[in-house]
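Examining the three-dimensional arrangement
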Amino acid sequence: MTGLNGCGMQNFDLTKADGFPLLDLYRGDGDSFPDTAHEVLAWAAGLLTQSPAGAALLRHAAESGWSAGLADLHNGGYFINPESRRILLDSFSLDASALGNSLYFRNGILTGFIRALRDIWHEGRVSATEESGFAPEYILMIERARAADCDTATVLVCWELRGAGFPDVWRHVLGETEGDMAIVFTRYLERDPGALFDGAALAYAFRQWYADSSRVDGCDHETLESLDGILSGTDSRNPFGRAMPAGTDVESLSVLPDGICYLAGLGETVLRDPFFAGMNDPVNQTHLFHLIYDMEVTMVNNVPFRDSALARRIFPGADIIKTWR
């Protein structure tokens, strides 16, 4: 979700954390042991320069005027705010000195940073939810694909860092929730080393993201919560749209900084195959049903109508005609 990623932290108070321009952090070789928030972030930025994909994502965000800081987000990830161009990375409730002395948490900061940078990469390439014109059910599909791509890009950058002499980063990914994606990625490369260059290995890692129902259901929940917020804050009956995305809309999410589109020709499959497009969580199903219902119903004197003109004819003296919300 545009501006949402970070596990529903869209209302986080940005004044709670310092921000350091990425242009100032874009230095170093990643070998130092950081002791302050600035040094922790500079360590992560310096390490990313050792990965071609990571360096390109960092450079894109830095040249676009983004800054980064640490905050106790309690989400194990990140929060981005496009308006202020600020990234906040979860500090895991630790101070900077403790983070700097823990390889595990430093690598957690690093992987969160990679996801945030990839999310920023999408900001200028994906329309805001209420501007896309897509119906809510298709917004869910696009947001799934965006989240899957952010994790896939993280696997790629960490693989490149492993090749650059930083194996601890790769071991960290193998032990985290994206470990299954990393394993699928490496197994495919073992069979076909050239798959690293044509994007096929990344396409399989992307597919694996959907194999974990907790990832899919969690992404859907965040998206639905955000759609609820948009609907509640507008006077429009349908602030989204009714259009269906094309396969190219999905494929465009997978374009890497070097120009490779690892989902080329697979966009329609992602939109139509039940493996990618199905919704199996009953809570999310109910949430989506009520969201669509709220977009279609007008309430007059506690009586629901799908046609507001009919509602006015039946209750001509009603002072308030409004949607369910």
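Read on for a plain summary of the structure. (Residues numbered from 1 in each chain as written. Predicted model: local features only at pLDDT ≥ 70, side-chain atom pairs only at ≥ 80, totals over all residues. Heavy atoms only, no water.)

**Some remarks on the overall build of the chain**
Across its full length, the chain carries 16 helices and seven strands. Taken across its 325 residues, the chain has 51% of its residues classed as buried. A total of about 14600 Å² of accessible surface is found on the chain, and carbon and sulfur atoms cover 51% of it. (Helix = DSSP H or I, 4+ residues; strand = E, 2+ residues; numbered from the N terminus. Buried < 20%, exposed > 50% of the residue type's maximum accessible area, 1.4 Å probe, protein only. Areas by Shrake-Rupley, 256 points an atom, 1.4 Å probe, with all protein chains shown as cover.)

**Some remarks on the packing of aromatic side chains**
For the structure on display, the rule yields eleven aromatic pairs. Relative to Phe-185, the ring of Trp-159 has its centre 5.6 Å away and its plane inclined at 80°; by these criteria the two rings are edge-to-face. You can see Trp-159 sitting in helix 6 (residues 136-163) and its partner Phe-185 sitting in helix 8 (residues 179-191), a full 26 residues away along the chain. Looking at Phe-185, the relative accessible area reads 0%, which means it is buried. On the numbers, 6.5 Å between centres and 55° between planes, the contact of Trp-170 with Phe-185 is tilted. Linking Trp-170 in helix 7 (residues 167-174) with Phe-185 in helix 8, this pair joins segments that are 15 residues apart in sequence. Comparing Trp-170 with Phe-185 shows no difference in burial state: the two are buried. Residue placement shows Arg-106 over the ring face of Trp-43; its charged tip is 5.1 Å from the ring centre. The ring of Phe-275 has Arg-207 lying over it, and the distance from NZ or CZ to the ring centre is 4.2 Å. (Phe/Tyr/Trp six-rings, centres within 6.5 Å; stacked < 30°, edge-to-face > 60°. Lys NZ or Arg CZ within 6 Å of the ring centre and 35° of its normal.)

**Some points on the pattern of salt bridges**
In the structure shown here, the tally under the stated rule is ten salt bridges. Between Arg-215 and Asp-180 there is a salt bridge, and its shortest N-O distance comes to 2.7 Å. Placement of the pair is Arg-215 in helix 11 (residues 213-232) and Asp-180 in helix 8, with a sequence separation of 35 residues. Two residues, Asp-212 and Arg-215, come together in a salt bridge whose shortest N-O distance is 3.9 Å. By relative accessible area, Asp-212 is classed as partly exposed at 23%. Residue Arg-215 is classed as buried on the basis of its relative accessible area, which comes to 10%. (Salt bridge = Lys/Arg side-chain N within 4 Å of Asp/Glu carboxyl O.)

**Details of the pairing of strand 2 (residues 67-71)**
Most of strand 2 sits inside the fold, with five of its five residues counted as buried. The two faces of strand 2 match: Ser-67, Gly-69 and Ala-71 on one face and Ala-68 and Leu-70 on the other face are all buried. Two elements, strand 1 (residues 20-21) and strand 2, share two bridges in a ladder whose sense is antiparallel. From the neighbouring strand, Pro-21 faces strand 2, where its bridge partner is Ser-67. Relative to strand 4 (residues 86-90), strand 2 is paired through five bridges, and the arrangement is parallel. Within the sheet, the bridge partner assigned to Gly-69 lies in strand 4 and is Leu-88. (Pairing = 2+ DSSP bridges.)

**Overview of the pairing of strand 4**
Most of strand 4 sits out of view: five of its five residues are buried. Pairing between strand 3 (residues 78-81) and strand 4: four bridges, direction antiparallel. Across the sheet, Asn-81 pairs through a bridge with Arg-86, a residue of strand 4. Between strand 3 and the antiparallel strand that follows it, strand 4, lie four residues; Arg-85 among them carries a positive phi value of about 55°.

**A closer look at the state of the cysteines**
On inspection of all chains with the given rule, the structure shows zero disulfides. Distance from the sulfur of Cys-150, which forms no disulfide, to the nearest cysteine sulfur (Cys-219) is 9.6 Å. A relative accessible area of 2% places Cys-150 in the buried class. (Disulfide = S-S within 2.5 Å.)

**Thoughts on the side chain of Thr-152**
Relative to the assigned elements, Thr-152 resides in helix 6. Of note is the side chain of Thr-152, whose polar atom sits 2.8 Å from the backbone oxygen of Ala-148. (Polar contact = N/O pair within 3.5 Å; in protein donor to acceptor, adjacent residues only side chain to side chain.)

**What about helix 3 (residues 52-63)?**
Its twelve residues give helix 3 an end-to-end C-alpha distance of 16 Å, which sits within 8% of 16 Å, the value for a rise of 1.5 Å per residue. The complete set of buried residues in helix 3 reads Ala-53, Gly-54, Ala-55, Ala-56, Leu-57, Leu-58, Ala-61 and Ala-62. Elements in contact with the buried residues of helix 3: helix 1 (22-25), helix 2 (37-48), helix 5 (103-123) and helix 6. One or two positions beyond helix 3, positive phi appears at Gly-65, with a value near 85°. (Expected span 1.5 Å × (residues − 1). Contact = heavy atoms within 4.5 Å.)

**With respect to the nonpolar core**
Membership of the largest hydrophobic core comes to 84 residues, with the highest contact counts inside it found for Leu-22, Ile-87 and Phe-113. Residue contributions to this core peak at 14 residues, all from helix 6. Discounting chain neighbours no more than four positions away, the residues touching Leu-22 are Leu-58, Ala-61, Ala-62, Trp-66, Ser-67, Ala-68, Ile-87, Phe-113 and Leu-117. (Core = buried A, V, L, I, M, F, W, Y, C linked by side-chain atoms within 4.5 Å.)

**Topic: the side chain of Asp-149**
Within the secondary structure, Asp-149 is located in helix 6. Classification of Asp-149 as buried rests on a relative accessible area of 1%. A polar contact of 2.7 Å, which involves the side chain of Asp-149, links it to the side chain of His-122. Aside from chain neighbours lying at most four places away, what touches Asp-149 is Arg-118, His-122, Phe-206, Leu-253, Ser-254 and Tyr-262.

Don't take any of this as a statement about function, it's just geometry.
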